[in-house]
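Below, each chain spelled out in residue letters.
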Amino acid sequence: MTEEKALLQVKDLKVSFFTPAGEVKAVGGINYDLGYNEVMGIVGESGSGKSVEAYSIMGLLASPGKVMGGEILFEGDDVLKYDKKQMEDFRGNKVGMIFQNPMTCLNPVYTIGNQLMEAILCHKKISKEEAYKKAVSMLELVGISNPEKRMRQYPHELSGGMRQRVMIGMGLICEPKLLIADEPTTALDVTIQAQILELMKDIQEKTKMSIIFITHNLGVVAKICDRVSVMYAGKIVEQGTVDDIFYNPSHPYTMGLMRSMPRIDAEEHEALISIEGTPVDMLNPPEGCGFGTRCEYCMKLCLKAQPPVVDLGNGHFSKCWLLTLKEKGGETDGE
Ligand code: SF4
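Quick look at the overall build of the chain now. For the chain, the count of helices and strands is 13 helices and 12 strands. By principal-axis analysis of the C-alpha atoms, the chain measures approximately 70 × 55 × 40 Å. Residues counted as buried form 48% of the 335 residues belonging to the chain. The long-range share in the chain, meaning contacts at least 24 apart out of those at least 6 apart in sequence, stands at 64%. With an accessible surface of roughly 16800 Å², the chain has 52% of that area assigned to carbon and sulfur atoms.

Take the sheet that holds strand 5 (residues 77–78) next. Strands sit in the order 2-1-4-5 across an open sheet of four strands; the sheet is antiparallel. With one partner strand each, in any of the chains shown, strand 2 (22–35) and strand 5 form the two edges of the open sheet. Relative to strand 4 (residues 65–74), strand 1 (residues 6–19) runs antiparallel, the two sharing eight bridges. Residue pairing in the sheet places Lys 11 in a bridge with Glu 71 of strand 4.

Two side chains carrying opposite charge are able to pair once their charged atoms lie near each other. Applying the stated rule across the entire model yields 10 salt bridges. Here Lys 177 and Glu 75 are joined by a salt bridge, their closest N and O atoms 2.8 Å apart. Of this pair, Lys 177 sits in the loop between helix 7 (160–172) and strand 7 (178–182) while Glu 75 sits in the loop between strand 4 and strand 5, and the two are 102 residues apart along the sequence. For Glu 75, a relative accessible area of 34% puts it in the partly exposed group. Glu 175 serves as the salt-bridge partner of Lys 134, at 2.6 Å between the closest nitrogen and oxygen. Taken together, the positions of Lys 134 in helix 5 (residues 128–141) and Glu 175 in the loop between helix 7 and strand 7 put the pair 41 residues apart, joining distant regions of the chain. Overall, the relative accessible area of 22% leaves Lys 134 in the partly exposed class.

The description of two packed helices rests on the angle between their axes and on the distance between the axes. Two numbers describe how helix 4 (residues 112–123) lies on helix 5: the axes approach to 9 Å, and their chain directions differ by 115 degrees. You can see that helix 4 and helix 5 cross each other, and the crossing is right-handed. Across the interface between the two elements, Ile 112, Leu 116, Met 117, Ile 120 and Leu 121 of helix 4 pack against Lys 128, Ala 131, Tyr 132, Lys 134, Ala 135 and Leu 139 of helix 5. When its residues are assigned to classes, the contact of helix 4 with helix 5 shows nine nonpolar, no polar and two charged.

With that out of the way, let us pick up unusual backbone geometry. Pro 64 follows Ser 63 through a cis peptide bond whose omega is 15 degrees. Inspection of the secondary structure puts Pro 64 in the loop between helix 1 (50–58) and strand 4. Even without being a glycine, Asn 37 presents a positive backbone phi close to 60 degrees. Checked against the element boundaries, Asn 37 lands in the loop between strand 2 and strand 3 (39–43). Since its relative accessible area comes to 35%, Asn 37 is described here as partly exposed. The phi dihedral of Asn 146 is positive, around 50 degrees, even though this residue is not glycine. Tracing the sequence through the fold places Asn 146 in the loop between helix 5 and helix 6 (147–151).

Next up on the list: the pairing of strand 7. For strand 7, a buried count of five out of five residues is recorded, marking the element as mostly surrounded by other parts of the structure. Both strand 6 (residues 95–98) and strand 7 contribute to a ladder of four bridges, which runs parallel. In the sheet register, Val 95 faces strand 7, and the bridge partner there is Leu 178. Examined bridge by bridge, strand 7 and strand 8 (residues 210–215) share five bridges and lie parallel to one another. In the sheet register, Asp 182 faces strand 8, and the bridge partner there is Ile 214.

Before going further, it helps to spend a moment on the sheet that holds strand 7. The strand order across the open sheet formed by eight strands is 6-7-8-3-9-10-12-11, and the pairing between neighbours is mixed. Edge positions in the sheet fall to strand 6 and strand 11 (309–313), since each has one partner strand and no second. On average, each strand axis in the sheet is tilted by 20 degrees relative to the strand beside it, whichever way the strands run. Sheet topology note: the strand 11/strand 12 (residues 316–319) ladder contains four bridges and is antiparallel. From the neighbouring strand, Val 309 faces strand 12, where its bridge partner is Lys 319. Where helix 2 (residues 84–94) meets the sheet, its contacts fall on strand 6 and strand 7, and the angle it forms with strand 6 comes to roughly 70 degrees.

About the thresholds
Residues numbered from 1 in each chain as written. Predicted model: local features only at pLDDT ≥ 70, side-chain atom pairs only at ≥ 80, totals over all residues. Heavy atoms only, no water. Helix = DSSP H or I, 4+ residues; strand = E, 2+ residues; numbered from the N terminus. Buried < 20%, exposed > 50% of the residue type's maximum accessible area, 1.4 Å probe, protein only. Contact = heavy atoms within 4.5 Å. Areas by Shrake-Rupley, 256 points an atom, 1.4 Å probe, with all protein chains shown as cover. Pairing = 2+ DSSP bridges. Salt bridge = Lys/Arg side-chain N within 4 Å of Asp/Glu carboxyl O. Axes fitted to C-alpha atoms, helices over the stretch in contact; angles between N-to-C directions. Left-handed = near helix turned anticlockwise from the far one by under 90°. Nonpolar A, V, L, I, M, F, W, Y, C, P; charged D, E, K, R; others polar.

See below:
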């Protein structure tokens, strides 16, 4: 993607947490561009750094987390240099966020109407009547029946699926150019999950906003995303279109993720395949490839140095020594 087409550019972003046990390098220099009207999936296991990078974009990183370096450019402006007022405007008007658990994000003592209207009135100069109308039409847009009645209800009076629809409405109410959705369907059962994904896809097609969709579920990625960044141990190890990742994965970790997906044609009692080993200790990250101790192709070189980025063409990138050696026509016999 050319720079002019990028809505968001993340450049060499590094984020650390300073814990009593030492520095945890949660995000270790990641790079990606997100275009207008594009949906990027960020996938990886828990602890891979995918949510931490999203919170950094939103300026919501809590202590002891700290951005240690890099740039986050939104339409060319470095978000990391925003003052408090600019950040509030950015968060409300330009970027919306949907969190995993609506019950922890919606205030239980205010009605749905109060919370939606407050989100609008904080960021837009419009009257209360206009804010009310906008809130009602947003509830309609996210597929909530009888919206005027729902405006008077409290979060606990709604089902889990309806609360998540309200959260989507809240994220969209100020018509942001970018929506960050952090595991928005994880807490829902599969039927409601499918409905929410369909709804998000539908709204994205209507509004043309860009979305960063954070998930550990590759099935979700296939349904809604255009491109995918696969994260492991705080780094993007592979990036490409959904087709690249699903039909032509090049990094051993991505291949492992693909193999561990449940298959519809599997035998009745066939066990699910998991990726052997445990995630890397981020307090003591290895010198070389973070996936080294779990990788069936690991060579001596992998344990000594970080693999460089290999360009596989058409926006497909991967970080693996196997590919570097292949590119150079070298041997991959374990040395
Ligand atoms: Fe495996 Fe080496 Fe590639 Fe890392 S760099 S994924 S250890 S082959």
